[in-house]
Amino acid sequence: MGEAEDREELIALMHASRIAIWTKNYPAWADCFVHEPYMVRWGYLRGGGIFARRGWEDISHRAKSYIEGDMPYDEAYAYQTSIENLILRIHGDMAWAIYDQQHPGHDYPDHVGPGLTREMRIFERYHGRWRIAVLAFLSNDASPSGTAMLLLDSDGKVLWTSAGAAQRMQDDDDLIIRNGRLQVRNSACNRKLQGALRWAADRDKAFTSERGSVPIVLGAGEGLPTRVWWVVADAGAIYFLLDGQPMTDKRLDVAAAIYGLSAGQRRLAGFIADGFTLPDAAREMGISANTARTHLQRIYDKTGVHNQPALVRVLLSVGVDM
Amino acid sequence: MANDPDDEAAILALMHANRIAMWTADFDAWRECFVHADYTTRMGWWRVGGVFVRRGWEELSSRVMRDHPGRRDDYAFETLIQNVTIRIVGDVAWAVYEQVYPGYDLEGHVGPSLIHEMRVFERHGGEWKIALLGFLDGNAGQPGAAMVRLAPDGTVLWISPAATEALSDNDDLVVRGNRLRFRNSRQDAKFRAALAWAASLDDGLMSRHGALPLVVEAGEGLPMTVYWVAVDAGMIFLSIGTGRIGAKRLALAATIYGLSPAQRQVASLIAEGLSLTDIAERMAIAPNTARTHLRRIFDKTGVHTQPALVRILLSAVAPY
């Protein structure tokens, strides 16, 4: 077989393993791999962390229950995903490849992102056919569901918008997209945004990778809450985050679980964290001020604090230190 | 088919040589380890910097000199290579293995020092060279994190310096026969259950991380302690709460809202639950001065109640 045929067969194999997984076809997936103890699946997923699995026995066992179980069936992912920036080195009966897979915009629960994965494969000719011996990928997608985020270039041009962001941008008085570029209406704040974009574009120039984020704060004036947006530089991409609401809610949920708050107590705690006074919170919840006071006292008993500022601190400080 | 022992020995030597060159800051030796081509690749993930994929020798080599963290002979010469798989076919080979560094304690690198490595080698002019270097480094907890790595039965596999310190005056936990236990038997039963949960969490195809809180109530008027059993990168950790996250968030919030040092101190004491009178006393300032500080903080942050202030102070964390 010549190099051109090998190349064609290897590219077809890259697509075939992806198509098999997204069409929930385990036998077709299994057929793409070397069934040996040295087989490897290796990489990073934001939602799950790093993984380095070895051996066909372990990997196939996990894959079968995943593909036939939780895995969603998605023809768009199977057939409309493109392979880009391919490097493919073929040496006799072994080959390796580096490429990017661009999936059609990711918006699954806990998988919010522009859908770009960085892929790596090592192939071996196995029983006369090319098969995958090492499958590696790095995926940065996956944030809390509903995350409102934009992917920007260094000029502020919007490259991708999450469903949560599209919805929130519709009635946002502070943000505007002009000629495809994101701007803040307030000009002082807009200068901060443009500065942050330049900062972000300048990240990731070192030998080891570097990520970071910069807050953009808009003081909305008397009586109105301050808005905070984030410009995030990560893996060479620039993200703009509309707010951290899902994160704060999640933290309150964890705190409620830790301290054993009832549903009513959890709601009241949320209002207090939002800056409501006790009578206002009672009105919002449709309960009497006395009931609210009782709830608050129970919350104090459960958390061991005795005033509202300390309570909010306790509730929002929960988190694992790593 | 077994690998040629000479090739395998040469490849193993190259794995070490590359790391030794890096940590002795010998860049000439480091360059010698690689294929110098447009397809030479460095890829992976580490907690501090995230995902990286660098393609091409030119880009890769131009970056290496700039931010070398400095010579470390212990990393160079005392690092172990284990669980090695090497496959060699003709003039190409690949390897997957683990490197265990001695006491990994660089700034921003806290953890049991186990790094997952991957290499692709090519033979050029009779010499094996690295064409692709990949690694996954899940270590890098917060500096000062009090973490203990555990086996599913509670055996201590690794302990961070901050955790050693935290355990020395901790009444809840005890290490006996190298196994970590809670003194209180009800707490210990919960801890065992959390370990069992942790051991089975990462059993799917896709990686999964997660954390379960264990709350120890200290009794009337005393703050409770929250421990976390966390699973990450296929490892189980017990994290001992040290209150540092709050401090970090407060510092970030002070930067966001442009608080002066005195305003920042007032804000952080409010977050601790002190009254304005107590704060004035603690800072040795007049109550009116404390009140003025608070008003300025309200002006700068745009909130008007103390609970709302604490909320925005603690929400000051990049949500991604």
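The structure displayed is predicted, hence computed values, not measured ones.

Colleague: Explain the overall build of chain B to me, using residue names and the numbers behind them.
Modeller: The number of helices and strands found in chain B is 11 helices and 13 strands. Across the 320 residues of chain B, 40% fall into the buried class. Across chain B, the fraction of contacts at a sequence separation of at least 24, relative to all contacts at a separation of at least 6, is 50%.

Colleague: How would you summarise the overall build of chain A if you had to cite specific residues and measurements?
Modeller: Scanning chain A for helices and strands turns up 11 helices and 15 strands. Looking at the 322 residues of chain A, the share that counts as buried comes to 40%. Contacts spanning at least 24 positions in sequence make up 52% of the contacts within chain A whose residues lie at least 6 apart.

Colleague: Which residues make up unusual backbone geometry, and what values go with them?
Modeller: Positive phi outside glycine occurs at Asn85(A), with the angle close to 50°. In this fold, Asn85(A) is placed in strand E3 (residues 82-91). Take Asn85(A): there are 12 C-beta atoms within 10 Å of it, and that puts it in the exposed class. One non-glycine residue, Asn83(B), lies in the positive phi region at around 50°. Position of Asn83(B) relative to the elements: it lies in strand E3 (residues 80-89).

Colleague: Explain the nonpolar core residue by residue, including any values.
Modeller: Counting residues in hydrophobic clusters, the biggest one holds 125 residues, and the most contacted among them are Val231(A), Tyr239(A), Phe240(A), Leu241(A), Phe121(B) and Val229(B). Among the elements that make up this core, the one with the highest residue count is strand E8 (residues 129-139) of chain A (seven residues). Each residue touching Phe240(A), except ones within four places of it in the same chain, is listed here: Met149(A), Leu150(A), Leu152(A), Leu182(A), Trp229(A) and Val231(A). If you look at the next biggest cluster of nonpolar residues, it comprises 40 residues, including Ala269(A), Ala281(A), Ala267(B) and Ala290(B).

Colleague: Outline the sheet that holds strand E9 (residues 149-152) of chain A, listing residues and values.
Modeller: Residues and elements named next belong to chain A. The five strands are arranged E10-E9-E15-E14-E13 in an open sheet whose pairing can be described as antiparallel. Strands at the two margins of the open sheet, each flanked by one partner only, are strand E10 (158-161) and strand E13 (212-218). The average undirected angle you get between the axes of adjacent strands in this sheet is 25°. Judged from the four bridges that link them, E9 and strand E15 (residues 237-241) form a sheet pairing that is antiparallel. If you follow Leu 151 over to E15, its bridge partner there is Tyr 239.

Colleague: I'd like a rundown of the sheet that holds strand E4 (residues 94-102) of chain A, residues and numbers included.
Modeller: Residues and elements named next belong to chain A. Judged by pairing direction, the sheet is mixed, and its six strands sit side by side in the order E2-E1-E8-E7-E4-E3 without closing on themselves. Single-partner strands in this sheet number two, and they are strand E2 (49-54) and E3. Ignoring which end each strand starts from, the neighbouring axes of this sheet average 15° apart. Bridging between strand E1 (residues 40-45) and E8 involves six bridges; their strand directions are parallel. Within the sheet, the bridge partner assigned to Val 40 lies in E8 and is Val 134. On the sheet, helix H1 (residues 3-22) packs against E3, E4, strand E7 (116-126) and E8 and is oriented at approximately 135° with respect to E3.

Colleague: Please set out the confidence of the model for chain A residue by residue, giving values where relevant.
Modeller: Caution applies to low-pLDDT parts of the model: their predicted coordinates are not meant to be read in detail. Looking at chain A as a whole, its pLDDT mean stands at 86, while 90% of the residues score no less than 70. Mean pLDDT values for the elements of chain A range from 65 in strand E5 (residues 106-108) of chain A up to 97 in helix H2 (residues 26-30) of chain A.

Colleague: Give me the lowdown on the packing of helix H8 (residues 263-273) of chain A against helix H9 (residues 278-285) of chain A, citing residues and values where you can.
Modeller: All names here are of chain A. Contact geometry of H8 with H9 gives a least axis separation of 10 Å together with a crossing angle of 130°. One way to sum up the angle between H8 and H9 is to call them oblique. Judged by the twist between their axes, the crossing of H8 over H9 is right-handed. When H8 is examined against H9, the residues Arg 267, Leu 268, Phe 271 and Ile 272 are found in contact with a partner set consisting of Ala 281, Glu 284 and Met 285. For the contact of H8 with H9, the residue count by class is five nonpolar, no polar and two charged.

Colleague: Account for the domain arrangement of chain A, naming residues and giving values.
Modeller: Segmenting chain A into domains produces domain 1 (3-139), domain 2 (149-243) and domain 3 (246-316). A C-alpha centroid distance of 32 Å is found between domain 2 of chain A and domain 3 of chain A.

Colleague: So what's going on with the confidence of the model for chain B? Which residues, and what values?
Modeller: On average, residues of chain B score 85 in pLDDT, and 88% of them are at 70 or above. Note on the complex model: pTM 0.79, ipTM 0.78.

Colleague: Give a description of the environment of Gly177(B) that names residues and reports values.
Modeller: All names here are of chain B. Mapped onto the fold, Gly 177 is located in the loop between strand E9 (173-176) and strand E10 (179-182). Among the residues examined, Gly 177 registers 7 C-beta atoms within 10 Å and is labelled exposed. Here the alpha-carbon distance between Gly 177 and Thr 301, two residues 124 residues apart in the chain, equals 52 Å.

Colleague: If you had to explain the pairing of strand E4 (residues 92-100) of chain B to someone new, which residues and values would you point to?
Modeller: Residue and element names in this part refer to chain B. Two strands pair when backbone bridges link them, and E3 and E4 are joined in this way by eight bridges, in the antiparallel orientation. Across the sheet, Ile 86 pairs through a bridge with Ala 95, a residue of E4. Count of turn residues in the E3/E4 antiparallel hairpin: two residues, of which Gly 90 carries a positive phi of about 60°.

Colleague: So, the pairing of E2(A): which residues are in play, and what are the values?
Modeller: Residue and element names in this part refer to chain A. Looking at chain direction, E1 and E2 are connected through six bridges and run antiparallel. Each residue of the ladder has a partner; that of Leu 45, found in E2, is Gly 49. Taken together, E1 and the strand that follows it, E2, pair antiparallel across an intervening segment of three residues.

Colleague: Lay out helix H1 (residues 5-23) of chain B with the relevant residues and their values.
Modeller: Residues and elements named next belong to chain B. The terminal C-alpha atoms of H1, which comprises 19 residues, lie 27 Å apart, in line with the 27 Å expected from a rise of 1.5 Å per residue. Along H1, the positions that sit buried rather than exposed are Ile 11, Leu 14, Met 15, Arg 19, Met 22 and Trp 23. The buried residues of H1 occupy one face: seen down the axis, they fall within an arc of 160°. Set apart from the buried face of H1 by more than 90 degrees, the exposed residues are Pro 5, Asp 6, Ala 9 and Ala 13. Just past H1, the residue Ala 25 takes up positive phi, approximately 55°.

Colleague: Tell me about the environment of Arg118(A), residues and numbers included.
Modeller: Within the secondary structure, Arg118(A) sits in strand E7. Sequence-wise, Arg118(A) and Ala63(A) are 55 residues apart; in three dimensions their C-alpha atoms are separated by 20 Å. In contact with Arg118(A), not counting residues within four places along its chain, are Asp100(A), Phe137(A), Leu138(A), Met43(B), Val51(B) and Val53(B).

Rules behind the numbers
- Residues numbered from 1 in each chain as written.
- Chains lettered and ligands numbered in written order.
- Predicted model: local features only at pLDDT ≥ 70, side-chain atom pairs only at ≥ 80, totals over all residues.
- Helix = DSSP H or I, 4+ residues; strand = E, 2+ residues; numbered from the N terminus.
- Buried ≥ 20, exposed ≤ 12 C-beta atoms within 10 Å, placed from the backbone.
- Contact = placed C-beta atoms within 7 Å.
- Core = buried A, V, L, I, M, F, W, Y, C linked by C-beta atoms within 7 Å.
- Pairing = 2+ DSSP bridges.
- Axes fitted to C-alpha atoms, helices over the stretch in contact; angles between N-to-C directions.
- pLDDT = per-residue confidence, 0-100.
- Parallel < 35°, antiparallel > 145°, perpendicular 65-115°, else oblique.
- Left-handed = near helix turned anticlockwise from the far one by under 90°.
- Nonpolar A, V, L, I, M, F, W, Y, C, P; charged D, E, K, R; others polar.
- Domains from an automatic or database assignment.
- Expected span 1.5 Å × (residues − 1).
- Arc of directions from axis to C-beta.

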